[in-house]
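Read off the chains here:
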Amino acid sequence: MARKPREQGPYPESVNRLVEAFAAMPGIGRRTAERLSFWVLKASSEEASALTDAIVAVKGSVRHCDICWSIADASPCPICTDPSRDASLVMVVEQPKDLVNLEKTGNYCGVYHTLMGRLDPLDGVGPDSITAGDLLGRVVDPTRNARGTKVREVVLALNPDMEGDTTGLYLAELLSGSGVTVTRLARGIPSGSQIEFANRAALADAIALRQRFGS
Ligand SMILES: [Zn+2]
């Protein structure tokens, strides 16, 4: 009689759980998840504890800024509270990594709004999955913006690809009628490339030469 196939995969249940947890991470496929799990199995107790301690510490001490959704130790974050920054100028980025790279240019003196994603209708990611509603809230209600400042300009710093363009069009439509000027980064960044990897000079030019959205 044939053996009944195991339903939970080839490993003990606890290992399966670890593989599933790694496989749920962005960019980690099944084979990589298994390799990482085997590393944990082989690791000393100290090494394994260092990993779990780091995860617990991040979840305990790092949070999102209530205004801009950046990751920070406090809310509002240091950028939103910095009096030397122009809080009437809000640059919209897809993810925290983009903010870090744009900050490296040293050319931007405004504040940010992190969408925590981008629209991807083909993958079922709609407006409720990003922080677009909070962006609109900051624009229409200055008390929700950094240092209670009225927003004058929203700069869309989205990746130059299909999902970035879809997100940009949606936000421009959402903000139309609010009276705010919507601009986007100049196309100094090659189409299809990513803000998180763009070089400093190209990003600085893209910020300086930003254009009114739709033009
Ligand atoms: Zn903030």
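Predicted, not measured: the structure shown is a model, and the values here were computed from it.

The rules behind these values
Residues numbered from 1 in each chain as written. Predicted model: local features only at pLDDT ≥ 70, side-chain atom pairs only at ≥ 80, totals over all residues. Heavy atoms only, no water. Helix = DSSP H or I, 4+ residues; strand = E, 2+ residues; numbered from the N terminus. Buried < 20%, exposed > 50% of the residue type's maximum accessible area, 1.4 Å probe, protein only. Contact = heavy atoms within 4.5 Å. Areas by Shrake-Rupley, 256 points an atom, 1.4 Å probe, with all protein chains shown as cover. Lys, Arg positive; Asp, Glu negative; His and termini not counted. Charge placed at Lys NZ, Arg CZ, Asp CG, Glu CD. Donors = N, O, S within 2.8 Å, 3.2 Å for Na, K, Ca; no water. Tetrahedral: all angles 85-135°; square planar, octahedral: opposite > 155°, others 65-115°. Patch = residues over 30% accessible without salt bridge, like charges linked within 9 Å, V, L, I, M, F, W, Y side chains within 5 Å. Salt bridge = Lys/Arg side-chain N within 4 Å of Asp/Glu carboxyl O. 1 Å grid on protein atoms, 1.4 Å probe; cavity = no way out; pocket = protein on both sides within 12 Å on 5 of 7 lines; lining within 4 Å. Points joined across faces, edges and corners; volume = space filled by probe spheres on them. Nonpolar A, V, L, I, M, F, W, Y, C, P; charged D, E, K, R; others polar. Axes fitted to C-alpha atoms, helices over the stretch in contact; angles between N-to-C directions. Left-handed = near helix turned anticlockwise from the far one by under 90°.

Draft legend 1. Summary view of the overall build of the chain. Counting its secondary structure elements, the chain contains eight helices and seven strands. For the C-alpha atoms alone, the extent of the chain along its principal axes is close to 70 × 35 × 35 Å. Counting across all 215 residues of the chain, residues that qualify as buried make up 38%. Of the contacts made within the chain by residues no fewer than 6 positions apart, 58% connect residues no fewer than 24 positions apart. Only carbon and sulfur atoms are counted for the fraction: they give 57% of the accessible area of the chain, which is about 12,400 Å². With 24 positive and 26 negative side-chain charges, the chain shows a separation of 2 Å between the mean positions of the two kinds.

Draft legend 2. Quick look at the coordination of the zinc ion. On the protein side, the zinc ion has Cys65 (SG), Cys68 (SG), Cys77 (SG) and Cys80 (SG) as donor atoms, found 2.3 Å from it. Considering all four donor atoms around the zinc ion, angles at the metal cover 106 to 116° and the coordination shape is tetrahedral.

Draft legend 3. Main features of a nonpolar patch on the surface. A cluster of nonpolar side chains, Trp39, Leu51 and Ile55, forms an exposed patch at the surface whose accessible area comes to about 280 Å². Checked against the element boundaries, leucine 51 lands in helix α3 (residues 45-61). A relative accessible area of 36% places leucine 51 in the partly exposed class.

Draft legend 4. Spatial organisation of the layout of surface pockets. In this model, the largest pocket occupies a volume close to 200 Å³. Among the elements that take part in the lining of the largest pocket, helix α7 (residues 162-175) stands out by supplying four residues, more than any other. When the residues that make up the lining of the largest pocket are grouped by side-chain class, the tally is eight nonpolar, three polar and three charged. Taken as a whole, the second largest pocket spans an internal volume of roughly 160 Å³. What lines the second largest pocket is simply Leu18, Ala21, Phe22, Met25, Val40, Ala48, Leu51, Thr52 and Ile55. A per-element tally of the lining of the second largest pocket places α3 first, with four residues. When the residues that make up the lining of the second largest pocket are grouped by side-chain class, the tally is eight nonpolar, one polar and no charged.

Draft legend 5. Quick look at the packing of helix α6 (residues 132-140) against α7. Close contact between α6 and α7 brings their axes to 10 Å; oriented N to C, the two are set at 35°. As for the relative orientation of α6 and α7, their crossing is right-handed in sense. Residues Ala132, Leu135, Leu136 and Val139 of α6 touch α7, and the partners they reach there are Tyr170, Leu171, Leu174 and Leu175. Of the residues in the contact of α6 with α7, the class split is eight nonpolar, no polar and no charged.

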